[in-house]
Amino acid sequence: EGVTGLTVQFYVAVDMHGFEDVVDALGGVEIDVPTEVALGVEGAEPFGYITPGLQRMDGPTALWYARSRTGTSDYDRMARQRLVQEAIIEQFTPQTLLTKYAELSAAGQNLVDTDIPQSMVGSLSELALETRTLPITNVELVPDAGVDTSDPDFAQIHAMVQQALADAAALTSGTESPAPSP
């Protein structure tokens, strides 16, 4: 809340081993890999590589792809995590849910911890399905976007978040948002 200026109403924590199980229950996830990613622990010899091009990854491979730091930066890792998230969202369709319900249900047993009230789950699930037709908007709080990560200007970050929200709202309503005031 302090960094983004947004009120966080609920949290959802995802267990990474549960993430592997969900990807496997989906039958894998297809990702267009832009650059080679080494598999292994930083400082050790890689035990393999994920090569560029369209790849169908199982759960453990998708997790390695999303989390590997070997030979790359944290910013590269964050970009890969967004690719994985977007691919899962795109490939997780109502048809997939229906045809793989048993596998997904078993995989999801220990996947998520949340404080979302049970009474809101149905409404939020419907909203999540509706959002699949909308573009995903990212706000990158990284040096390349003008953010000093060692001494962040929180007013600047709040303005960036508000502008991204305005831009996203404009995309959904078909209008353009005004530029932020100085």
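The text that follows walks through the structure, step by step, so that each part is easy to find. (Residues numbered from 1 in each chain as written. Predicted model: local features only at pLDDT ≥ 70, side-chain atom pairs only at ≥ 80, totals over all residues. Heavy atoms only, no water.)

**A word on the pattern of salt bridges**
- Tallying each qualifying case throughout the model produces four salt bridges.
- As a salt-bridge pair, Glu 30 and Arg 56 come within 3.9 Å of each other at their nearest N and O atoms. One end of the pair, Glu 30, is in strand β2 (residues 29-33); the other, Arg 56, is in strand β5 (residues 53-57), and 26 residues separate them in sequence.
- For Glu 30, a relative accessible area of 36% corresponds to the partly exposed category.
- For the salt bridge of Asp 74 with Arg 77, the shortest nitrogen-to-oxygen distance reads 3.4 Å. Within this pair, Asp 74 and its partner Arg 77 are both found in helix α3 (residues 74-91), separated by three residues, close to a single helical turn.
- For Asp 74, a relative accessible area of 37% puts it in the partly exposed group.
- Of the residues examined, Arg 77 reaches a relative accessible area of 13% and is grouped as buried.
- Three or more residues joined by partner-sharing salt bridges are found here, namely Arg 69, Asp 74 and Arg 77. (Salt bridge = Lys/Arg side-chain N within 4 Å of Asp/Glu carboxyl O. Helix = DSSP H or I, 4+ residues; strand = E, 2+ residues; numbered from the N terminus. Buried < 20%, exposed > 50% of the residue type's maximum accessible area, 1.4 Å probe, protein only.)

**Some words on a negative patch on the surface**
- On the surface, a cluster of negative charge is made up of Asp 15, Asp 21, Asp 24 and Asp 58.
- By the secondary structure assignment, Asp 24 is in helix α1 (residues 16-25). (Patch = residues over 30% accessible without salt bridge, like charges linked within 9 Å, V, L, I, M, F, W, Y side chains within 5 Å. Areas by Shrake-Rupley, 256 points an atom, 1.4 Å probe, with all protein chains shown as cover. Lys, Arg positive; Asp, Glu negative; His and termini not counted. Charge placed at Lys NZ, Arg CZ, Asp CG, Glu CD.)

**Things to note about helix α2 (residues 59-67)**
- Three or more residues of α2 are buried, namely Gly 59, Ala 62, Leu 63, Tyr 65 and Ala 66. Seen end-on, α2 carries its buried residues on one side only, within an arc spanning 160°. (Arc of directions from axis to C-beta.)

**Comments concerning the pairing of β2**
- Because side chains alternate across β2, one face comprises the buried residues Val 29, Ile 31 and Val 33, and the other comprises Glu 30 and Asp 32, none of which is buried.
- One ladder, built from five bridges, connects β2 with β5; its direction is antiparallel. The residue bridging Val 29 from the neighbouring strand is Met 57, located in β5. (Pairing = 2+ DSSP bridges.)

**Some points on the packing of α1 against α2**
- Remark: α1 packs on α2, axes separated minimally by 7 Å, with the N-to-C direction vectors making an angle of 130°. Between α1 and α2, the interaxial angle falls into the category oblique. Considering only the axes of α1 and α2, their crossing is right-handed. Mapping the contact onto sequence places Met 16, Phe 19, Glu 20, Val 23 and Asp 24 in α1 and Gly 59, Pro 60, Ala 62, Leu 63 and Arg 67 in α2. (Axes fitted to C-alpha atoms, helices over the stretch in contact; angles between N-to-C directions. Parallel < 35°, antiparallel > 145°, perpendicular 65-115°, else oblique. Left-handed = near helix turned anticlockwise from the far one by under 90°. Contact = heavy atoms within 4.5 Å.)

**Details of a nonpolar patch on the surface**
- A cluster of nonpolar side chains, contributed by Val 41, Phe 47 and Trp 64, occupies part of the molecular surface with about 320 Å² of accessible area.
- Among the structural elements, Trp 64 can be located in helix α2.
- What makes Trp 64 partly exposed here is its relative accessible area of 32%.

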